Amino acid sequence: MNIIVLIKPVPDLDKIKVSRGQGRVFETGKQIMNSYDRVALQVAMDFKQKHGAHVTAISICDMERTDILREAYAVGCDQCVCIWDGNFEFNDAFVNARILSEAIKKIDSADLIICGARSDTGFSGQTGPRLAEDLGMPHATRVISAELNGAILSLECLKGLKRTLSMPALITVDPEAAQPKLPNALNIMKAFKKEVTRWSLADLGMEPSDAGKDGSKVTVRSQFLVEQ
Amino acid sequence: MDFSLSEELTMLRDMARKFTDQEIKPQADAIDRDGDIPESLIKQMAELGFFGICFPEEYGGVGAGELGYCIVSEEVSRGSASITVLLGAHASIGAMSIYLDGTEEQRKKYLTPLSTGENIAAFALTEPNAGSDAAAIETTAVKDGNEFVINGRKIYISNGSIADTIIVFAVTDKALGAHGGVTAFIVEANLPGYKVVRDEDKMGIRGSHTSELLFEEMRVPAENVLGRYGAGFLTAMKALDRGRLGLGAGCLGAAKEVLDMSAQHAKERKQFGKSIADNQAIQWMLSDMCSDIYAMESIVYRTAWMCDQGMKFSRQSAIVKTFCSEKADEIIHKAIQIHGGIGYMKDFPLERMYRDSRINLIFEGTNEIQRMIIARDILKKGGY
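Residues numbered from 1 in each chain as written. Chains lettered and ligands numbered in written order. Predicted model: local features only at pLDDT ≥ 70, side-chain atom pairs only at ≥ 80, totals over all residues.

This paragraph deals with the overall build of chain B. The secondary structure content of chain B amounts to 12 helices and 10 strands. Computed over its C-alpha atoms, the radius of gyration of chain B comes to 21 Å, within 12% of the 21 Å expected for a compact globule of 384 residues. Seen through its principal axes, chain B has C-alpha atoms that stretch 80 × 50 × 40 Å. Looking at chain B residue by residue over its 384 residues, the buried ones come to 51%. Sequence-distant contacts in chain B: of pairs separated by 6 or more residues, those separated by 24 or more amount to 73%. (Helix = DSSP H or I, 4+ residues; strand = E, 2+ residues; numbered from the N terminus. Rg over C-alpha atoms; globule rule 2.2 N^0.38 Å. Buried ≥ 20, exposed ≤ 12 C-beta atoms within 10 Å, placed from the backbone. Contact = placed C-beta atoms within 7 Å.)

Along its length, chain A carries six helices and 13 strands. Over its C-alpha trace chain A gives a radius of gyration of 17 Å, about what one expects of a compact globule, namely 17 Å for 228 residues. Projected onto the principal axes, the alpha-carbon positions of chain A cover approximately 55 × 40 × 40 Å. Put simply, 70% of the contacts in chain A that link residues at least 6 apart link residues at least 24 apart.

Right, let's talk about the interface of chain B and chain A for a bit. At the junction of the two partners, chain B supplies 15 residues and chain A supplies 12 residues. Broken down by secondary-structure element, the contributors of at least two residues to the side of chain B that touches chain A are α1 (7–34) and α2 (39–48) of chain B. Element by element, the count of residues in the side of chain B that touches chain A is highest for α1 of chain B, at seven residues. Looking at the side of chain B that touches chain A residue by residue, the class counts come to eight nonpolar, two polar and five charged. (Nonpolar A, V, L, I, M, F, W, Y, C, P; charged D, E, K, R; others polar.)

Many descriptions give the size of an interface as the accessible area lost when the pieces come together. All names here are of chain B. When the domains of chain B are assigned, the result is domain 1 (7–120), domain 2 (122–231) and domain 3 (234–381). Computed over C-alpha atoms only, the centres of domain 2 and domain 3 are separated by 30 Å. With 12 residues of domain 2 at the contact, the number on the domain 3 side is 11 residues. (Domains from an automatic or database assignment.)

Moving on, we come to the confidence of the model for chain B. Residues of chain B with pLDDT of at least 70 account for 100%, and the chain-wide mean is 97. Overall fold confidence (pTM) sits at 0.94, and the ipTM for the predicted complex is 0.94. (pLDDT = per-residue confidence, 0-100.)

This is the structure:
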């Protein structure tokens with residue numbers, strides 16, 4: 001079984017600085033893994049341990065600013081793919097889903113795609129379902145429990161909703177789906193010696209205008225801080 | 001000069017800190033109260049690799065070097081000094097003796113299960129009449145065919161009652177004294193003649209088992225001689241260089257933890273209509289604590305780096321041990337002062353940490369002995 005887990009970097013909330021005067025949030029230090037994606041990785045690792053699987057982690061991230069793919073190796077992923085290009089800073093969920101869709105088509109062997117239900121920062125929860133639609137896969141969102149019988153996934157989603165999906169399929173998971181385990185020290189040391197596959201837009205057969213502000217459907221007109 | 005921590009060690013630190021926050025801190029009071037570290041916690045630490053951080057992967061370890069070990073020791077010390085001592089006695093002096101002077105066979109046979117945490121190690125040097133004067137040990141080992149017969153008594157042995165593998169130092173030729181007359185042995189705890197007499201009832205580090213061990217006609221195979229016959233004292237001194245450094249790292253972690261707690265308390269605690277942090281008396285204490293921590297961190301990391309470079313670091317290790325143990329004691333003292341009444345109460349961790357820190361000025365060679373080591377080294381080799 002080939003499992004793909006999508007992981008996203010987010011600012012470390014303990015290390016952000018808020019400038020009320022400028023109405024902006026400044027990030028300091030490295031970005032960390034989105035908490036929902038940590039759960040997605042653990043769900044994949046549980047499947048790997050129980051059924052055997054090759055797990056690939058994919059992230060749209062700047063590896064200069066985050067070690068989340070190293071962390072993915074440290075918890076037991078078999079392969080890590082980084083997708084990054086110069087104009088990704090302003091990607092929206094529509095663009096990210098398209099990029100991930102091309103990357104997964106390039107890998108060409110996904111039985112199960114697992115994503116966090118949403119990000120700690122944007123909360124849109126759109127990337128997973130958009131990606132599933134792009135790939136023409138059945139999907140379920142906000143999964144809190146997943147069992148595998150052959151090629152059939154038995155799922156429990158938020159509010160007790162039961163679903164079954166035939167693989168290949170995509171699920172997005174909520175924190176209840178698994179308790180992320182810490183990576184062991186030896187795997188941490190090894191994680192930094194492993195090769196991360198790096199792809200640009202061109203490697204995925206996409207044009208610069210497909211990403212960033214030009215490709216996105218969402219336009220950010222202004223940002224402001226909510227008064228507390 | 002590059003003082004930055006590698007990406008690997010940064011992630012190792014993050015992992016150890018999360019484990020300390022999630023697993024150790026919630027159990028620290030129970031560990032102190034019950035005088036024991038739960039088996040489940042030991043198993044979790046073994047799975048994470050904590051028992052073999054500094055040893056190479058080929059012997060079941062993690063390969064993170066002495067700096068990696070110091071960082072993990074620092075982080076767990078934020079939660080429980082009893083666990084720091086468990087790991088220190090095990091890895092830093094016990095298993096370390098085998099790594100430093102063991103043969104390839106001894107490393108494979110004994111070090112590997114120690115690195116993985118399958119077995120626990122102890123280091124048995126101190127005796128009723130041989131504390132700081134370690135050369136005065138009275139335990140004897142007499143050769144009899146292919147075996148040595150060991151008789152004697154060891155006291156204050158950390159991990160003694162839970163250890164599977166014990167490094168025992170015994171006199172093999174009294175006439176030759178410390179240098180030439182003492183031999184180190186790898187002893188398995190299931191040997192006939194090996195007996196745990198009792199665990200001590202202590203002021204602090206109460207979760208760590210500090211044991212009295214008795215050897216009566218205990219027969220150890222000659223192949224379990226560790227290092228050169230008669231060179232046991234050298235093995236002990238080399239291992240203790242590492243132990244003292246790791247001890248300093250533990251003091252550093254505790255000091256950082258109480259500074260964080262003190263700063264938070266000083267901001268939150270209101271008296272006379274303002275935070276006590278607004279008072280200069282509190283600010284000066286916080287400032288002095290932080291300055292000392294900066295110095296502690298600098299000498300711990302630098303000495304660990306020296307060790308990993310294969311440089312000699314005996315003098316530096318003694319300095320780290322003395323400076324860090326005394327500064328940590330002072331810093332925790334100040335932290336209690338800043339906290340006032342609540343700092344003195346048992347339902348707050350400072351009371352435990354204050355008791356725990358006291359031993360650091362005594363074990364692994366008292367600070368008075370460390371000052372002698374430093375001074376002798378200066379007089380022999382010159383100052384700076």
